[in-house]
Amino acid sequence: MPYQYKNILNLQQPEKTGKEKIPREVLSEIMHPGFGPGSIDFGAITPMPPWAERNESQREPWMLEHWGVAGNAGGLAESVATYDGGATLEFVTEGKDVRDLMQKLSLMFPNIPGLTVDYLWAGAAVGKDCGMVQYRQGEQTYEDIPEPGSAAAFAPALAAVA
């Protein structure tokens, strides 16, 4: 079984515009059509070209190059089941995080002032392969990627069992 990452995507709009539902509207634009609200489809952020969809030997290399992982988001049935209708959703990736894809997502809605993409990830190994970044209109505004094995890398896991 490949090494899995748990991912959390949260959308914020800090500027009051009278349209507080905008983050949920953004999530509806990127939801997986086969799963519905609470899911994410990487193809909605970077669409797969028809030639890659039809050619199995080209599909995985294309996904690795454009999505950063060898498959679409996973864990969607659980994500949909636990989705509360808000601006946050969870999904699983295999092999690594998808920071570049989340940065691209932050560029997709230039007409929404102040839209911020918070992205957190954690690999299956406690104390390594975890972090948090924040993007606004393609620009990284925050990064916290603890050194593997450091106290900061273990803190989230320890807090979860406390």
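Note that the structure is predicted; figures quoted are calculated from it, not measured. (Residues numbered from 1 in each chain as written. Predicted model: local features only at pLDDT ≥ 70, side-chain atom pairs only at ≥ 80, totals over all residues. Heavy atoms only, no water.)

So, the sheet that holds strand β1 (residues 4–12)
Where we set the bar: One requirement defines pairing of two strands: DSSP has to find at least two bridges between them. Working definition: helices are DSSP H or I runs of at least four residues, strands are E runs of at least two. Numbering for both runs from the N terminus. Axis definition: a line fit to C-alpha positions, over the contact stretch in the case of helices; interaxial angles, taken between N-to-C directions, run 0 to 180 degrees. Note on contacts: a residue pair qualifies if any of its non-hydrogen atoms lie within 4.5 Å across the two residues.
One open sheet holds the 5 strands; their spatial order is β2-β1-β3-β4-β5, and the pairing between them is antiparallel. Edge positions in the sheet fall to β2 (88–94) and β5 (139–144), since each of these pairs with one other strand and no more. Strand-to-strand twist in this sheet, taken as the mean axis angle between neighbours without regard to direction, amounts to 20°. Contacting β1 and β2, helix α1 (residues 22–30) runs over the sheet at an angle of about 135° to β1.

Re the packing of aromatic side chains
Put simply, the test is: Here the aromatic set is Phe, Tyr and Trp, taking the six-membered ring for Trp, and pairing holds for ring centres within 6.5 Å; pairs whose planes are under 30 degrees apart are stacked, those over 60 apart are edge-to-face, and all others are tilted.
Under the definition given, this model contains 5 aromatic pairs. Ring geometry for Tyr 3 against Tyr 5: centres 5.2 Å apart, planes inclined by 80°, an arrangement best described as edge-to-face. Following the ring pairs from residue to residue traces out a cluster consisting of Phe 42, Trp 62, Trp 67 and Phe 91.

Thoughts on the nonpolar core
Stated precisely, the cut-off is as follows: Definition used in this section: a nonpolar core is a set of buried Ala, Val, Leu, Ile, Met, Phe, Trp, Tyr and Cys residues joined via side-chain atoms within 4.5 Å. Whether a residue is buried, partly exposed or exposed follows from its accessible area with a 1.4 Å probe, protein chains only, as a fraction of its type maximum: under 20%, in between, or over 50%, in that order.
Within the largest apolar cluster, 33 residues are counted, with the highest numbers of intra-cluster contacts made by Leu 9, Ile 40, Phe 42, Phe 91 and Met 102. Counting only elements with at least two residues in this core, the list comes to β1, α1, α2 (42–45), α4 (56–66), β2, α6 (99–107), β3 (116–123) and β4 (130–136). Broken down by element, the residue count for this core peaks at 4 residues, all from α1. In this view, Ile 40 contacts Leu 9, Ile 30, Met 31, His 32, Ile 45, Asn 72, Ala 73, Leu 76, Leu 89, Phe 91 and Met 102; residues no more than four positions away in its chain are not counted.

Considering the environment of His 32
Tracing the backbone shows His 32 in the loop between α1 and α2. Remark: the alpha-carbon pair of His 32 and Asn 72, spanning 40 residues in sequence, is separated by 9.6 Å. Once you skip the residues sitting within four places of it in the chain, His 32 turns out to touch Ser 39, Ile 40, Asp 41, Asn 72 and Leu 76.

So, the pattern of salt bridges
What counts here: When a carboxyl oxygen of Asp or Glu lies within 4 Å of a side-chain nitrogen of Lys or Arg, that pair is called a salt bridge.
Inspection of the entire model under this criterion finds 2 salt bridges. Residue Glu 90 is joined to Lys 6 by a salt bridge in which the shortest nitrogen-to-oxygen separation is 3.3 Å. One end of the pair, Glu 90, is in strand β2; the other, Lys 6, is in strand β1, and 84 residues separate them in sequence. Of the charged contacts, one joins Asp 97 and Arg 99 as a salt bridge, the two residues approaching to 2.8 Å between their closest N and O atoms. Take Asp 97: its relative accessible area is 8%, and that puts it in the buried class.

Here we look at the confidence of the model for the protein
Heads up, the rule is: Per-residue confidence from the predictor is reported as pLDDT, which spans 0 to 100.
With 90% of its residues at a pLDDT of 70 or more, the protein has an overall mean of 90. Mean pLDDT in the protein bottoms out at helix α7 (residues 151–161), which sits at 70, and peaks at α2, which reaches 98.

Comments concerning the environment of Gly 138
Here Gly 138 shows up in the loop between β4 and β5. Each C-alpha atom, one on Gly 138 and one on Pro 110, is 9.6 Å from the other, the two residues being 28 residues apart in sequence. If sequence neighbours within four positions are ignored, Gly 138 has contacts with Gln 103, Ser 106 and Leu 107.

Regarding α1
As a reminder, the rule being used: Here, the arc refers to the directions that run from the helix axis to the C-beta atoms.
Considered for burial, the residues of α1 that qualify are Ile 22, Pro 23, Val 26, Leu 27 and Ile 30. All buried residues of α1 lie within an arc of 145° about the axis, which places them on one face of the element. The inward-facing, buried residues of α1 contact β1, α2, β2 and α6.

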